[in-house]
Structure formats: structure tokens, C-alpha cells
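If you want the building blocks of each chain, they are given just below.
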Amino acid sequence: MTADADPDATETDEAGGPAAADFERAAELAAEVSDGDRRLHELDDNADPDTAAAARRLLVEDQSGAELSSIGSYGFPAEAAEPNIENMIGTVQVPLGVVGPVDINGGALDDERYLPLATTEGALLASVNRGCSVINRAGGATARVTKAGMTRAPVFRVDDVAEGLALVEWVREHGDELREAAESTTNHGELQDVTPYVVGNNVYLRFRYDTKDAMGMNMVTIATKEACELVEAETSASLVALSGNLCTDKKPAAINAVEGRGRSVTADVVVPREVVDAKLHTTPEAIAEINTRKNLIGSAKAGSFGFNAHVANPVAAMFLATGQDEAQVVEGANAITTAEVTDDGDLYFSVSLASLEIGTVGGGTKLPTQSEALDILGVRGGGDPAGSNADALAEAIAVGSLAGELSLLAALGSRHLSSAHESLGR
Ligand SMILES: CC(C)(COP(=O)([O-])OP(=O)([O-])OC[C@H]1O[C@@H](n2cnc3c(N)ncnc32)[C@H](O)[C@@H]1OP(=O)([O-])[O-])[C@@H](O)C(=O)NCCC(=O)NCCSC(=O)C[C@@](C)(O)CC(=O)[O-]
Ligand SMILES: NC(=O)C1=CN([C@@H]2O[C@H](COP(=O)(O)OP(=O)(O)OC[C@H]3O[C@@H](n4cnc5c(N)ncnc54)[C@H](OP(=O)(O)O)[C@@H]3O)[C@@H](O)[C@H]2O)C=CC1
């Protein structure tokens with residue numbers, strides 16, 4: 001076995017962290033797992049989280065021959081990540097940078113902000129930064145959350161369509177009882193509506209909640225389970241699965257593009273022609289044409305839900321930076337970019353993200369580096385009023401996406417995409 005830290009260390013430091021692990025105990029635990037006396041995921045029951053992580057690193061190093069000193073050099077007590085991961089061995093570090101400060105004229109965030117982006121793609125921050133500098137010269141970007149609501153859609157089995165319709169009618173008549181059941185599990189969540197869908201002998205009930213500052217998937221799953229118990233007690237329908245995929249979580253889906261999920265948010269800007277020329281080295285006409293031929297027609301021909309160039313880039317980078325659930329980049333990139341030449345010859349440019357599932361409380365937002373990144377935006381924790389911090393985060397991500405779209409479409413217009421990645425991205 002290759003030890004990856006001080007083998008003489010035996011005390012667990014109160015502050016925690018990899019150096020505070022008890023490496024003697026870690027070696028004992030690793031040997032017990034190797035001998036089949038203990039399972040990998042049981043180590044936390046027998047040691048503090050940093051020691052358990054050290055034991056798992058020893059096992060993985062032994063089995064793979066890998067040397068895990070970088071993975072083991074994390075900068076916070078493993079205890080802080082306990083709600084976020086099982087079988088922890090350390091962390092992966094992704095470089096974090098900032099762009100801006102960019103001027104955001106939002107409904108919830110009306111100020112200048114640096115935007116934190118974590119990525120391994122060279123040229124991405126330079127590009128989004130250029131977009132921010134263009135937005136600032138244009139007087140700032142406007143941003144608004146136009147709809148909010150997190151969904152969970154359980155599927156019920158019924159005998160036939162007549163029973164399915166009876167269930168739909170029962171749901172319509174008993175909205176108050178469903179709301180009371182669902183909201184009994186949460187202090188913040190509010191049931192907004194339940195939309196039924198009947199397919200043969202399947203009934204899907206799409207519950208939508210205002211989850212305030214939480215992304216809300218745990219919250220709405222727990223609340224919907226309570227409502228489902230009422231449905232089963234009061235009707236002949238039988239719950240097959242608490243998630244019936246009409247929610248739709250972590251899969252590309254038209255329903256999210258049309259109905260929205262999480263926050264639907266739009267950012268837009270009018271860029272004066274001279275700024276397009278000086279900073280983007282192209283014209284409003286060229287950007288509008290590229291947007292039509294690439295983002296609209298090209299995407300339509302490809303059957304894509306993403307009528308944009310690379311909204312996934314700023315969304316993923318800001319998700320990683322601020323502790324969002326990275327699998328939900330699938331829905332986060334569900335965006336339409338528009339571009340047109342105004343009557344004055346300037347460029348109107350917008351990006352509308354239909355289903356941005358984000359929060360400033362819960363999930364990964366509590367981790368030390370992620371909550372510092374939320375501090376950069378001034379949106380850590382619960383907002384006043386509740387929900388305003390998550391609205392502000394949505395607006396910041398939308399403006400980052402707007403900046404990225406502007407810069408990339410311009411780079412395509414000026415034929416600078418490949419040269420930019422030759423000089424910055426390799
Ligand atoms: C690279 C640039 C920005 C050069 O663009 P430029 O206009 O030659 O740069 P510049 O040196 O004149 O500077 C202009 C501004 O860019 C920023 N800037 C410039 N350099 C830096 C830097 N080092 N670090 C930070 N910021 C930088 C900075 O904001 C600066 O303004 P200022 O603040 O000085 O007033 C431009 O060519 C560009 O944006 N290219 C596009 C690159 C891009 O968007 N890549 C994204 C990834 S592509 C991808 O992943 C998806 C794709 C393409 O496959 C999707 C699809 O199919 O479409
Ligand atoms: N369960 C599932 O099916 C899925 C879970 N996930 C995971 O779910 C997690 C996110 O779930 P989520 O429910 O957001 O987070 P948490 O489960 O961490 O719960 C957050 C809780 O914070 C409390 N809270 C405190 N202040 C506020 C506020 N201002 N606004 C809203 N809530 C507040 C709420 O408690 P209270 O309810 O008591 O008011 C809320 O339930 C992520 O880790 C994600 O990876 C992702 C996809 C699916």
C-alpha cells in the first residue's frame with residue numbers, strides 16, 4: 001500500500017481536513033476491508049470522515065496502483081461533504097475564474113457582479129469576459145425570471161381510461177387536500193398546481209411547487225410522496241413510481257422547454273453598432289444571420305432542443321462553481337438565442353433559458369468553496385424575501401449565457417473561433 005500523507009499522524013484535528021486523518025486507524029480499516037471483514041461504505045461508522053476517506057484512498061491506491069496525493073489534498077473537513085457524497089476519497093479540483101464585473105439590470109439582482117466560472121476549457125472565460133465587456137459598453141443587460149416552479153410527476157396505474165379520468169376529476173376536486181398533504185412536509189415549499197396526463201392505463205400527475213431559494217428536488221419529492229399517499233388512500237389508483245419521467249429531471253425533454261422547470265429566465269441587451277464593430281469585429285447583420293442559420297435552422301435540422309451556440313458552457317461552469325446539481329445542465333442548456341438588427345441599426349440580442357434548476361440553499365451550495373462562490377454573487381443562503389436569492393442567481397447565469405452567446409457568435413462572424421482556441425485553448 002502507498003500511504004499518501006503523514007503516517008505518524010494519529011490525532012484527529014478538530015478542524016478536520018485530510019491532514020487531520022488518523023492514518024494508523026486508516027491503515028487498520030483498509031486492512032479490514034481487504035480481508036473482507038468490513039465493507040467500503042461502512043468505514044464512516046468506524047472512524048471520522050477524514051480517516052474513512054484516507055482508508056478508502058489506501059484501498060484504491062493498493063488496488064489500482066494509482067497515487068492519489070492530489071485527490072487527497074482537499075481543503076475542508078470531509079465532514080462538511082457528508083450530506084453530499086458517499087464513499088468519499090477526496091476531491092477533484094476544477095480551475096475557477098471570474099469574468100466581469102458585468103452590469104446586470106435584473107428583477108432580483110440590480111448591480112455589477114463578477115461571475116464565477118469553473119471549467120477546464122481554455123478560451124471560455126476570455127469569451128464570456130468579452131461578452132461582459134460588450135454588455136457593459138451597451139449599458140448593461142436586462143434580466144428577468146419569467147416563471148418558477150419545480151416539478152415531480154409520479155405515475156399511477158389504473159384499470160382503464162374510465163378510471164384514469166375518474167382520478168383526474170378527483171385531483172381537480174381535491175386540490176386543497178393535496179396541497180395540505182404536500183405542504184405538511186416543508187416550511188418553504190408551496191404547491192402551485194397539479195397537471196394530469198392520461199396515457200392508456202397510466203396517469204401522470206405533474207406536481208409543480210414554488211421552492212423559494214432551494215432547487216427543490218428533495219423538497220418536492222418528499223412533499224409529493226405525502227400527496228401520493230392521499231391519492232392512493234382516496235382513489236383506486238396505484239402508485240407505480242414516485243417519478244414517472246414526465247417531471248422531467250436530468251433528461252432532455254420538450255416538456256421542460258415548453259412548460260419550464262426550475263426558473264425560466266431571459267436576459268437581453270441592445271448593443272450599439274459601433275460596439276459590435278470595435279469589440280466583436282463584426283456587424284449586427286452578420287450576428288443575426290449566423291444566429292438564424294446556425295442556432296435556429298441548424299438546430300431545427302439537427303432535432304436539437306438547444307437553439308443556442310453554447311449556453312451549456314456558462315451554465316455548466318457556473319453550476320460547478322456554485323454547487324448546483326451538475327446533471328441538471330441537461331435542462332439548463334435548454335435555451336433559445338435570438339438576434340435581430342434594430343431600426344437604428346444596432347443589435348438586439350437575447351437568450352431565454354427555459355428550465356434552469358438552481359438554488360442558493362441545500363445540495364452542494366453549502367460546501368465551503370461553493371458557498372464562497374455564491375458570496376461573490378451576493379446570493380449565499382436564503383433570500384429576503386425567500387426565493388429572491390435563487391432568482392438573482394438565475395439572472396446572473398442568464399447574463400453569463402448572454403455574454404457567452406454574443407462572443408461566440410461574433411467569433412464565428414469574424415472567423416476567429418479556431419484561432420482563439422489555437423492561442424488560448426491548447
Ligand atoms: C478569445 C477572444 C475573446 C478574443 O477576442 P478579441 O476580440 O480578439 O480579444 P481582445 O484581446 O481584443 O479583447 C477583447 C475582450 O475579450 C476579453 N479577453 C480577451 N482575452 C482575454 C483573456 N485572456 N482573459 C480574459 N479576458 C479576455 C476581454 O474582456 C477583452 O475586453 P476588455 O476587458 O479588455 O475591454 C474571442 O476570439 C472569442 O471569444 N472567441 C470565441 C471563443 C469561444 O467562445 N469559445 C467557447 C467555447 S466553443 C465551444 O465549446 C462550443 C462550440 C463552438 O463547439 C459550440 C458550437 O457548435 O457553436
Ligand atoms: N430526491 C430526488 O429525487 C433528487 C434529489 N436531488 C438532490 O436534491 C438536492 C437539492 O434538493 P433541495 O430540496 O433543493 O435541497 P435540500 O434537500 O438540501 O433541502 C433544502 C431545504 O432547505 C430549507 N430551506 C431553508 N431556507 C430556505 C429557503 N430560503 N428557501 C427554500 N428552502 C429553504 C427547506 O426546508 P423546508 O422544506 O423544511 O422548508 C428545504 O427543504 C441536491 O443535492 C440534488 O442533487 C436531485 C435530483 C433528484
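Residues numbered from 1 in each chain as written. Chains lettered and ligands numbered in written order. Predicted model: local features only at pLDDT ≥ 70, side-chain atom pairs only at ≥ 80, totals over all residues. Heavy atoms only, no water.

## Concerning the overall build of the protein
Then comes step 1: Broken down by element type, the protein carries 14 helices and ten strands.
Then comes step 2: Projecting the C-alpha coordinates of the protein onto the three principal axes gives extents of approximately 75 × 65 × 40 Å.
Then comes step 3: Relative to its full complement of 426 residues, the protein shows a buried share of 49%.
Then comes step 4: Nonlocal contacts in the protein, meaning residues at least 24 apart in sequence, comprise 71% of its contacts between residues at least 6 apart.
Then comes step 5: Surface summary for the protein: the accessible area is close to 19100 Å², and the carbon and sulfur share equals 49%.
Then comes step 6: The protein carries 31 positive and 67 negative side-chain charges, and their two centres are separated by 8 Å. (Helix = DSSP H or I, 4+ residues; strand = E, 2+ residues; numbered from the N terminus. Buried < 20%, exposed > 50% of the residue type's maximum accessible area, 1.4 Å probe, protein only. Contact = heavy atoms within 4.5 Å. Areas by Shrake-Rupley, 256 points an atom, 1.4 Å probe, with all protein chains shown as cover. Lys, Arg positive; Asp, Glu negative; His and termini not counted. Charge placed at Lys NZ, Arg CZ, Asp CG, Glu CD.)

## Observations concerning the site of ligand 2
Then comes step 1: Lining the immediate environment of ligand 2, one finds 21 residues, of which Arg152, Thr186, His188, Gly216 and Asp325 sit closest.
Then comes step 2: One of the side-chain N or O atoms of Thr186 is found 2.7 Å from an oxygen atom in ligand 2.
Then comes step 3: Compared with its free state, where it exposes 920 Å², ligand 2 has 71% of that area covered by protein.
Then comes step 4: If you tally residues by element for the shell around ligand 2, the top one is helix H6 (residues 217-234), at four residues.
Then comes step 5: Per-class residue counts for the shell around ligand 2 are five nonpolar, ten polar and six charged.
Then comes step 6: Both domain 2 (96-148 + 264-423) and domain 3 (154-241) contribute no fewer than three residues apiece to the shell around ligand 2. (Near = heavy atom within 4 Å. Polar contact = N/O pair within 3.5 Å; in protein donor to acceptor, adjacent residues only side chain to side chain. Nonpolar A, V, L, I, M, F, W, Y, C, P; charged D, E, K, R; others polar. Domains from an automatic or database assignment.)

## Some details on the packing of helix H9 (residues 284-302) against helix H13 (residues 388-413)
The relative placement of two packed helices comes down to the angle between their axes together with the axis-to-axis distance.
Then comes step 1: Interaxial distance between H9 and H13 falls to 9 Å at its minimum, and their mutual angle equals 95 degrees. Relative to H13, H9 is oriented roughly perpendicular. Of the residues in H13, those touching H9 at Ile287, Ile290, Asn291, Lys294 and Asn295 are Glu405, Leu409, Ala410, Leu412 and Gly413. (Axes fitted to C-alpha atoms, helices over the stretch in contact; angles between N-to-C directions. Parallel < 35°, antiparallel > 145°, perpendicular 65-115°, else oblique.)

## Some remarks on helix H3 (residues 124-137)
Residues spaced three or four apart along an α-helix point in a common direction, a consequence of the helix completing one turn every 3.6 residues.
Then comes step 1: Look at H3: 20 Å from first C-alpha to last across 14 residues, which is about the 20 Å you get at 1.5 Å a residue.
Then comes step 2: One or two steps after H3, the chain reaches Gly139, where phi turns positive at roughly 95 degrees. (Expected span 1.5 Å × (residues − 1).)

## Examining the site of ligand 1
Then comes step 1: Residues in close proximity to ligand 1 total 21 residues, the closest being Ser127, Lys279, His281, Lys294 and Ser407.
Then comes step 2: Here an oxygen atom of ligand 1 sits 3.0 Å away from a polar atom, N or O, in the side chain of Arg130.
Then comes step 3: Within the side chain of His281, an N or O atom sits 2.7 Å from an oxygen atom of ligand 1.
Then comes step 4: Within the residue set of the shell around ligand 1, elements represented by two or more residues are H3, H13 and helix H14 (417-423).
Then comes step 5: Of all the elements, H3 adds the most residues to the shell around ligand 1, at six residues.
Then comes step 6: Partitioned by chemical class, the residues of the shell around ligand 1 number seven nonpolar, nine polar and five charged.

## Description of the pattern of salt bridges
Then comes step 1: All told, the structure shown has 18 salt bridges when counted by the stated rule.
Then comes step 2: A salt bridge links Glu28 to Arg25, with the nearest nitrogen and oxygen atoms 2.9 Å apart. Within this pair, Glu28 and its partner Arg25 are both found in helix H1 (residues 23-34), separated by three residues, close to a single helical turn.
Then comes step 3: Look at Glu28 and you get partly exposed, because its relative accessible area is 40%. (Salt bridge = Lys/Arg side-chain N within 4 Å of Asp/Glu carboxyl O.)

## Examining the packing of helix H4 (residues 161-173) against helix H5 (residues 175-183)
Then comes step 1: Relative orientation of the contacting elements H4 and H5 amounts to 75 degrees, with a least axis distance of 5 Å. One way to sum up the angle between H4 and H5 is to call them roughly perpendicular. Of the residues in H5, those touching H4 at Trp170, Val171, Arg172 and Glu173 are Gly175, Glu177 and Leu178.
Then comes step 2: Looking at the contact of H4 with H5 residue by residue, the classes come out as three nonpolar, one polar and three charged.

## What about the pairing of strand E9 (residues 335-341)?
Then comes step 1: Inspection of the sheet shows E9 paired to strand E10 (residues 347-356) by seven bridges, in the antiparallel sense. Its bridge partner lying in E10, Thr338 is registered against Ser350.
Then comes step 2: Hairpin connection, E9 to E10: the antiparallel pair is bridged by five residues, and Gly345 has positive phi, about 85 degrees. (Pairing = 2+ DSSP bridges.)

## Some remarks on the packing of aromatic side chains
Two descriptors summarise a pair of aromatic rings, namely the distance from one centre to the other and the angle between the planes of the rings.
Then comes step 1: The tally for this structure, following the rule as stated, stands at two aromatic pairs.
Then comes step 2: Measuring from ring centre to ring centre gives 5.9 Å for Tyr74 and Phe76, while their planes differ by 50 degrees; the resulting arrangement is tilted. No difference in accessibility class separates Tyr74 from Phe76, as the two residues are buried.
Then comes step 3: For the ring pair Phe207 and Tyr209, a centre distance of 6.4 Å and an interplane angle of 15 degrees mean the geometry is stacked. (Phe/Tyr/Trp six-rings, centres within 6.5 Å; stacked < 30°, edge-to-face > 60°.)

## What to know about the confidence of the model for the protein
Then comes step 1: Looking at the protein, the pLDDT average stands at 95 and 97% of residues meet or exceed 70.
Then comes step 2: In the predicted structure, residues 1-14 sits below a pLDDT of 50 and forms 32 contacts with residues beyond four places in sequence or in another chain.
Then comes step 3: Across the whole predicted complex the pTM is 0.95, and at the interface the ipTM reaches 0.93. (pLDDT = per-residue confidence, 0-100.)

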